[in-house]
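The lines below spell out each chain.
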Amino acid sequence: MRLEAPRVLGLREAGVYYALALLVLALAIVCAALGRPSYLSAVNLINILYQASPVALMGVAMTVVLITGNFDLSVASVAALAAAVQIGAVDTVGFWPALLLALAAAGAVGLLNGIMVQLVGINAFIVTLGTLTAIRGLVLIVTGGRSLMVQTPEALAAMTNFESGRAGPFPYPILYMAAFTLLVWGVLQLTTIGRRTYAVGGNAEAARLCGISVNAYRIGAFVLSGLTAGFAGVLYASRFGAMNPTALQGEELTVIAAAILGGTSLFGGAGSVLKTVAGALVLYTLTNGFNILNLGANYQGLIEGTVLIGAAAIYTVGGRRATLFSARPRDFHALRAGPTGVAGGEPRPSSGAQARREEPL
Amino acid sequence: MSDRPVPLLDLERLEKSYPNGTVALRGVDLTVRAATVHGLLGANGAGKSTLIRILSGAARASGGNILWQGESVCWSRPAQARAAGIATLHQQIPLVGTLSVLENVLLAQRGRWRRGASLQGRLRRLMTSIGYELDPDAQVATLPIGERQMVGILQALAAEASLIIMDEPTASLAAAERRIVHRTIRRLAEEEGRAVLLVSHFLDEVLALTGEVTVLRDGVAVLSSPTAAVDEGQLAAAIIGRPPRDPRARALPSATAGPMVAEIAGIASPGRLAPCSFGVRAGEVLGIAGFLGSGRSELLHAIFGADRAACGEVRLHGRPVGRSPAAAVAAGIALVPEDRRSQALVPEFPLVKNLTLAHLGQFARWGIFVRSESETAAAEEAVVRLGIRTRDVATPVSELSGGNAQKVSIARWLCGTTHLLLLDEPTAGIDVGAKAQILDLIRGLAAAGLGVVLVSSELTELIAAADRILIMREGAIVAERLAAQTNEEELVLLASGAAGTRPATAVELQ
């Protein structure tokens with residue numbers, strides 16, 4: 001029997017949860033020591049969740065793109081495009097049709113990304129860097145470089161209701177985020193679609209030779225990313241009833257940082273959406289803590305960057321240690337007892353470990 | 001036999017254990033003399049690769065002595081071993097795919113500048129001396145696997161070491177390249193006075209080339225002798241720890257009279273494959289012989305629909321199959337590709353997930369929700385049925401040995417409905433014991449009613465396992481023989497074009 005529990009609770013497997021817990025604990029203690037209002041109050045915690053939800057939403061979809069072995073830099077621009085479409089159309093066509101138009105525009109950009117990467121064969125980094133720039137340019141053209149605002153009060157009311165309404169203590173965006181995360185988590189963990197998504201990123205050629213349509217899965221991930229970014233853009237537009245053409249600029253890096261903090265591999269085949277959400281919460285807990293402690297925004301970038309690299313270092317070094325020093329004393333004794341002389345003839349390693357030395361696949 | 005008092009390399013009770021408790025070497029004694037080819041044999045897991053890692057400076061011994069030219073040494077970095085005069089040709093050659101042949105071969109050379117002209121000349125001389133030509137400016141990533149192996153060999157030669165360690169240098173080579181490697185090894189020892197430590201799974205190769213031979217089993221040298229004093233049977237017995245079975249002794253009788261499973265009609269691929277047409281019957285193993293680059297793999301990929309440029313028709317039980325891997329899998333065609341690491345297995349996945357990947361729908365409710373109990377049950381059954389050695393079905397496939405990993409990539413197709421099984425070099429790089437098991441398995445599957453197409457570079461194996469053999473050359477099928485009525489010599493002659501007429505090649509047909 002393997003000892004499953006320690007591995008699941010190990011630094012590499014659950015590190016981001018520890019980091020989040022430690023961070024919250026540290027901030028709570030500091031706040032208490034300085035005599036500030038309780039950090040762990042429901043209002044503050046819900047506030048963190050609320051602030052993190054657009055990035056967490058996009059992070060979940062980003063994780064899917066990363067699992068399939070691709071990369072999407074365009075999410076923030078796509079979100080801004082969707083926000084512009086939403087605000088531009090809501091006065092004339094109403095809230096829900098405008099939402100559909102915004103999602104369609106965002107999904108179309110995702111499809112374009114996917115087609116350029118998978119069918120034309122351009123590197124995902126280059127394609128989405130291109131759409132990042134071009135779509136932001138498109139937003140500037142559409143808005144004429146000015147801020148957009150919702151004109152009719154009915155439209156504004158519908159948007160406010162969509163974004164600022166509450167179910168119990170929870171603002172809607174938290175619920176959207178939770179529902180989407182659970183849905184994607186369920187699909188990835190429990191369904192054939194999820195299994196194949198991981199396989200496509202883990203070894204695309206093997207997946208292809210197993211009859212899996214690699215292109216469909218990867219393009220699908222880009223479309224999901226586009227749609228989710230569009231939804232986050234609509235949330236942003238609805239929050240203020242207005243948008244600035246440079247809204248959300250640079251946010252794509254926060255989204256990717258959340259996924260990396262959650263331990264998603266940039267090489268594909270590995271990642272968990274729950275951990276990405278935890279990664280987003282770590283980032284927003286930091287921001288929130290800076291505000292509460294009046295540390296000033298100047299330090300924020302430095303600390304966040306350090307946290308990101310520190311997390312990546314733990315994952316990398318932790319992963320290396322796990323393969324080299326996964327001490328299992330039982331195996332040692334079994335080997336000491338000598339080979340067990342099985343009928344097969346081939347020397348029998350008492351675990352996969354010995355054979356691994358000889359011929360790694 | 002050299003009678004020099006000090007051997008080039010002497011290992012005394014060399015031990016290696018890993019921090020996780022795995023003991024790979026338990027006291028190996030090994031003596032390599034100058035100007036000798038020394039064979040090192042052993043099953044997967046016997047400790048050969050660990051020994052090589054220690055000798056090349058990539059790992060440190062945990063006990064015992066290494067005497068290099070009579071002096072005790074302890075290398076902690078590969079550069080130290082290289083400086084001392086040991087060049088290692090690893091099984092998976094670490095080449096830089098984006099650099100040219102020339103740059104790869106001379107990668108480890110001293111000097112700060114890339115001196116194009118003089119290096120060109122050196123590479124040319126090197127290639128002339130072994131009688132193998134490669135374009136020095138070709139990018140390595142674009143070369144087929146056999147030519148990449150030759151680049152690795154040139155790299156080891158360029159290092160001008162006094163001991164060259166070769167780990168399975170011919171495992172992925174076709175007969176022509178293999179002969180060149182053999183000639184090179186002989187020349188190194190006989191004419192240049194260097195020592196070669198040759199690790200190989202091919203007993204005939206070891207018998208033909210080496211002066212002395214050592215067999216490892218369970219981390220100990222169980223046999224050490226001049227090669228002239230042993231025969232193939234003794235070596236095989238020492239490797240596997242029991243007398244071997246005659247590879248020609250067929251486990252199961254062949255059946256060629258079954259109904260037609262698959263008809264391949266005019267399958268072709270521009271520039272690679274001339275139109276091929278043949279049929280495969282239920283219960284039949286159809287062998288495909290041919291040298292590297294003769295279009296064997298291309299044919300399998302075209303049948304499977306994995307080659308997008310391919311055209312032609314495949315009919316399974318009379319019904320045409322769509323031209324995509326998905327359609328082929330759905331219809332019951334299976335492909336076990338040549339390179340299991342890069343083409344067959346998902347390294348992050350545990351055994352069970354690799355096993356069910358192709359027919360995942362069968363292990364899911366409504367084809368969507370994966371039922372892990374039924375998956376695990378199927379995987380455990382496959383582990384028992386195929387004799388896969390693993391801790392449990394949750395073990396990552398990257399931890400399995402080559403033979404066991406190969407069994408997983410075959411077993412994958414047995415948990416669904418498969419009518420036609422295409423196998424591309426299923427026994428490459430696998431030890432004798434696992435090889436026999438896989439061949440038995442293939443015969444067993446045919447006996448159970450599958451049609452099997454088997455590509456193999458090992459002609460003995462092909463003749464033993466197949467009922468009928470198609471011979472390919474330059475992208476076309478040039479001959480057909482019944483396995484019972486042919487022999488290795490004839491197959492080599494047909495594949496090399498020495499017998500019969502030259503075929504119309506794929507290129508000419510464009």
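Counting restarts for each chain, with residues numbered from 1 along the sequence as it is written. Labels follow written order: the first chain is A, the first ligand is 1, and so on. A pLDDT threshold of at least 70 governs which residues receive local features in this predicted model, and a stricter bar of 80 or more applies before side-chain atom pairs are shown or counted, although totals over entire chains, interfaces and linings include all residues. To get the side-chain values, take all heavy atoms of the structure and skip hydrogens and water.

Draft legend 1. Representation of the overall build of chain A in the model. For chain A, the count of helices and strands is 16 helices and 4 strands. Burial analysis of chain A (361 residues in total) assigns 52% to the buried set. Throughout, a contact is declared for two residues whenever any of their heavy atoms are within 4.5 Å. Across chain A, the fraction of contacts at a sequence separation of at least 24, relative to all contacts at a separation of at least 6, is 75%. Each accessible area is a Shrake-Rupley estimate made with a 1.4 Å probe; only the visible protein chains count as cover when residues are assessed. Carbon and sulfur atoms provide 69% of the accessible area of chain A, an area that totals close to 16000 Å². The helix count covers DSSP runs of H or I at least four residues long, the strand count covers runs of E at least two residues long, and both are numbered beginning at the N terminus. Exposure categories follow from relative accessible area, calculated using a 1.4 Å probe and restricted to protein chains: below 20% of the type maximum is buried, above 50% is exposed, and the middle band is partly exposed.

Draft legend 2. Quick look at the overall build of chain B. Scanning chain B from terminus to terminus reveals 17 helices and 22 strands. The proportion of buried residues among the 510 residues of chain B is 57%. Within chain B, residue pairs in contact and separated by at least 24 positions form 67% of the contacts whose partners lie at least 6 positions apart. As displayed, chain B has an accessible area near 19900 Å², and 51% of this comes from carbon and sulfur atoms.

Draft legend 3. Broad picture of the confidence of the model for chain B. Residue and element names in this part refer to chain B. When pLDDT is averaged along chain B, the result is 80; 87% of the residues meet or exceed 70. A residue's pLDDT is the confidence the predictor assigns to it, expressed on a 0 to 100 scale. pLDDT under 50 marks residues 244–253. Its contacts with residues more than four places away, or in other chains, come to 21 contacts. Ignoring residues within four places in sequence, the model shows residues 500–510, a span with pLDDT below 50, making 23 contacts including any to other chains. Among the scores for the predicted complex, ipTM is 0.73 and pTM is 0.72.

Draft legend 4. Spotlight on helix H3 (residues 42–67) of chain A. All names here are of chain A. Bend, in this description, refers to the angle at a residue between axes fitted to the seven residues ending there and the seven starting there. Within H3, the axis deviates most sharply at Ser-53, by approximately 50 degrees, and proline Pro-54 lies no more than four positions further along. Summarising burial for H3: 20 of the 26 residues are buried, a large majority. Just past H3, the residue Gly-69 takes up positive phi, approximately 95 degrees.

Draft legend 5. Expanded view of the packing of helix H4 (residues 75–93) of chain A against helix H5 (residues 95–120) of chain A. Residue and element names in this part refer to chain A. What counts as an axis is a line fitted to C-alpha atoms, over the stretch in contact for a helix, and the angles between N-to-C directions run from 0 to 180 degrees. Contact geometry for H4 and H5: axes closest at 8 Å, N-to-C directions at 150 degrees. With respect to H5, the axis of H4 lies roughly antiparallel. The two elements H4 and H5 meet at a crossing, and its hand is right-handed. Of the residues in H5, those touching H4 at Val-78, Leu-81, Ala-82, Val-85, Gln-86, Ala-89, Val-90 and Val-93 are Phe-95, Pro-97, Ala-98, Leu-99, Leu-101, Ala-102, Ala-105, Ala-106 and Val-109. Three classes are used: nonpolar for Ala, Val, Leu, Ile, Met, Phe, Trp, Tyr, Cys and Pro, charged for Asp, Glu, Lys and Arg, and polar for all others, with Gly counted as polar. Of the residues belonging to the contact of H4 with H5, the class tally is 16 nonpolar, 1 polar and no charged. Angle categories are assigned with fixed cut-offs, so that under 35 degrees is roughly parallel, over 145 is roughly antiparallel, 65 to 115 is roughly perpendicular, and the rest are oblique. In this scheme, a crossing is called left-handed if the near helix is turned counterclockwise away from the far one by less than a right angle; it is called right-handed if the turn is clockwise.

Draft legend 6. Seen up close, the nonpolar core. Residue and element names in this part refer to chain B. Joining through side-chain atoms within 4.5 Å is the link that ties buried Ala, Val, Leu, Ile, Met, Phe, Trp, Tyr and Cys residues into a set, and such a set is a nonpolar core. One finds Phe-304 and Leu-420 to be the most contacted residues of the largest nonpolar core, which totals 175 residues. Setting aside chain neighbours within four positions, we find Leu-420 in contact with Val-261, Ala-262, Val-280, Ile-303, Leu-316, Gly-332, Ile-333, Ala-334, Gly-451 and Val-453. If you look at the next biggest cluster of nonpolar residues, it comprises 37 residues, including Leu-95, Leu-106, Met-150 and Ala-189.

Draft legend 7. Just the sheet that holds strand E14 (residues 311–316) of chain B, in detail. Residue and element names in this part refer to chain B. The criterion for strand pairing is that DSSP finds at least two bridges linking the strands in question. With antiparallel pairing, 4 strands are arranged side by side in an open sheet as E12-E11-E14-E15. Sheet topology places strand E12 (273–281) and strand E15 (319–320) at the edges, where each strand pairs with a single neighbour. As defined by bridge partners, strand E11 (residues 260–269) adjoins E12 across 6 bridges and the pair is classed as antiparallel. Paired with Ala-262 across the bridge in E12 is Val-280. Of the strands in this sheet, E11, E12 and E14 are in contact with helix H9 (residues 296–304), which crosses E12 at around 70 degrees.

Draft legend 8. Focus on the packing of aromatic side chains. Paired rings are identified among Phe, Tyr and Trp, the last through its six-membered ring, by centres lying within 6.5 Å, and are further divided according to the angle between planes into stacked (under 30 degrees), edge-to-face (over 60) and tilted (the rest). Going through the model one piece at a time under the given rule, you end up with 12 aromatic pairs over all chains. Plain terms: the ring middles of Tyr236(A) and Phe240(A) are 5.3 Å apart, the flat faces sit at 70 degrees to each other, and that makes the pair edge-to-face. Of this pair, Tyr236(A) and Phe240(A) are both found in helix H11 (residues 214–240), 4 residues apart, which corresponds to roughly one turn of the helix. Owing to a relative accessible area of 22%, Tyr236(A) belongs among the partly exposed residues under this scheme. Ring geometry for Trp366(B) and Phe369(B): centres 6.2 Å apart, planes at 75 degrees, overall edge-to-face.

Draft legend 9. Quick look at the packing of H4(A) against helix H6 (residues 124–143) of chain A. Residues and elements named next belong to chain A. Between H4 and H6, whose axes approach to 8 Å, the crossing angle comes to 20 degrees. The angle between H4 and H6 falls in the class roughly parallel. Where H4 crosses over H6, the two elements pack in a sense that is left-handed. Two secondary-structure elements touch here, H4 through Ala-76, Ser-77, Val-78, Ala-80, Leu-81 and Ala-84 and H6 through Thr-131, Leu-132, Ile-135, Arg-136, Leu-138, Val-139 and Thr-143. Here the contact of H4 with H6 is built from residues that sort into 9 nonpolar, 3 polar and 1 charged.

Draft legend 10. Local environment of the sheet that holds strand E9 (residues 212–217) of chain B. Residue and element names in this part refer to chain B. Across the sheet, which stays open at both edges, the 6 strands sit in the order E6-E7-E8-E3-E9-E10 with mixed pairing between neighbours. Looking at strand neighbours, the two that pair on one side only are strand E6 (86–89) and strand E10 (220–226), the edges of this open sheet. With strand direction ignored, the average angle separating the axes of adjacent strands in the sheet is 15 degrees. As defined by bridge partners, E9 adjoins E10 across 6 bridges and the pair is classed as antiparallel. Counterpart to Val-213 in the pairing with E10 is Ser-225.

Draft legend 11. Focus on the pattern of salt bridges. Residue and element names in this part refer to chain B. Counted as salt bridges are all cases of a side-chain nitrogen of Lys or Arg within 4 Å of a carboxyl oxygen of Asp or Glu. On inspection of all chains with the given rule, the structure shows 12 salt bridges over all chains. With a shortest N-O distance of 3.4 Å, Arg-272 and Asp-307 are connected by a salt bridge. Linking Arg-272 in the loop between E11 and E12 with Asp-307 in the loop between H9 and E14, this pair joins segments that are 35 residues apart in sequence. Here Asp-307 falls in the buried class, since its relative accessible area comes to 11%. One network of salt bridges, with partners in common, ties together Glu-263, Glu-313 and Arg-315.

Draft legend 12. A look at the pairing of strand E4 (residues 63–68) of chain B. All names here are of chain B. Bridge analysis of strand E1 (residues 9–17) against E4 gives 5 bridges, and the strand direction is antiparallel. Its bridge partner being in E4, Leu-11 is matched across the sheet by Ile-66. Linking two consecutive strands that pair antiparallel, namely E4 and strand E5 (residues 71–73), is a turn of 2 residues; a positive phi of about 50 degrees is found at Gln-69 within it.

Draft legend 13. Highlighting the environment of Gly145(A). All names here are of chain A. Among the secondary structure elements, Gly-145 is positioned in the loop between H6 and strand E1 (148–149). Relative accessible area serves as the criterion here: at 44%, Gly-145 is assigned to the partly exposed category. A sequence separation of 50 residues divides Gly-145 from Phe-95, and the C-alpha atoms of the two residues are 24 Å apart. Discounting residues that sit within four places of it in the chain, Gly-145 has contacts with Leu-140 and Pro-245.

Draft legend 14. Structural view of the side chain of Asn354(B). All names here are of chain B. Mapped onto the secondary structure, Asn-354 falls in helix H12 (residues 351–356). According to the relative accessible area criterion, Asn-354 is buried, its value standing at 0%. The contact partners of Asn-354, leaving out residues within four places of it in the chain, are Ala-344, Leu-345, Val-346, Phe-349, Val-397, Val-408 and Arg-412.

Draft legend 15. Examining helix H7 (residues 153–164) of chain A more closely. Residues and elements named next belong to chain A. A helix is expected to reach a length of 1.5 Å times the quantity of its residues less one. Taking 1.5 Å per residue as the helical rise, H7 with its 12 residues ought to reach 16 Å, and the 15 Å between its terminal C-alpha atoms agrees with that figure. Taken together, the buried positions of H7 are Ala-155, Met-159, Phe-162 and Glu-163. Looking straight down H7, one finds its buried side chains confined to an arc of 90 degrees; they lie on one side. Exposed residues on H7 whose side chains face more than 90 degrees from its buried face are Pro-153 and Glu-154. What the arc measures is the spread of directions leading from the helix axis to the C-beta atoms.

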